[in-house]
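Listed below, chain by chain, are the residues.
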Amino acid sequence: MKPIEVTETTFRSVVVESDKPVLVDFWAEWCGPCKKLAPVIDQVAEEFDGQVVVAKVNVDNERNLGAMFQIMSIPTLLIFKGGKKVEQFIARGSKTEIVAQLKKHL
């Protein structure tokens, strides 16, 4: 399954109300490290299909969401569980790091 593009309008239904942990990738079109991370995020979405929801937030289009979660640099990944943020980290492109963070919340 591909990551779900989330907007301010859909954030609640996709992320907060999810019965599964949610990995949210805050990214932007112009961000080199974000583009490098995109295939890794796709792989994680594929591998954890059914266990985890993977979502993406374009910070240029969704400035309010970026501000709400105090996203200072991208790519930043957040993990939500039970509607609450349980993890926040700057993604360095390592799938191993992302998977390790996710597994703590499965």
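Preceding block: the structure.
Residues numbered from 1 in each chain as written. Predicted model: local features only at pLDDT ≥ 70, side-chain atom pairs only at ≥ 80, totals over all residues. Heavy atoms only, no water.

Trainee: Which residues make up the sheet that holds strand E2 (residues 22-27), and what values do they have?
Mentor: The five strands lie next to each other as E1-E3-E2-E4-E5, forming an open sheet whose pairing is mixed. Since the sheet does not close on itself, it has two edges, and those belong to strand E1 (4-5) and strand E5 (84-90), each with one partner. As paired elements, E2 and strand E3 (residues 53-58) share six bridges and run parallel to each other. Counted as the bridge partner of Val24 is Ala55 from E3. Sitting on the sheet, helix H2 (residues 32-47) touches E2, E3 and strand E4 (76-81), and the angle it makes with E2 is about 165°. Helix H4 (residues 95-103) contacts E2, E4 and E5 of the sheet and is inclined by roughly 160° relative to E5. (Pairing = 2+ DSSP bridges. Helix = DSSP H or I, 4+ residues; strand = E, 2+ residues; numbered from the N terminus. Contact = heavy atoms within 4.5 Å. Axes fitted to C-alpha atoms, helices over the stretch in contact; angles between N-to-C directions.)

Trainee: Give a detailed account of the pairing of E3, specifying residues and quantitative values.
Mentor: Of all six residues that make up E3, six are buried, and the element is covered over most of its length. Here E1 runs beside E3; their pairing, made up of two bridges, is parallel. Residue pairing for E3: Glu5 is matched across the bridge by Lys56. Between E2 and its parallel partner E3, the chain crosses via H2, and the hand of that crossover is right-handed. (Buried < 20%, exposed > 50% of the residue type's maximum accessible area, 1.4 Å probe, protein only. Right-handed = clockwise from strand over helix to strand, strands pointing away.)

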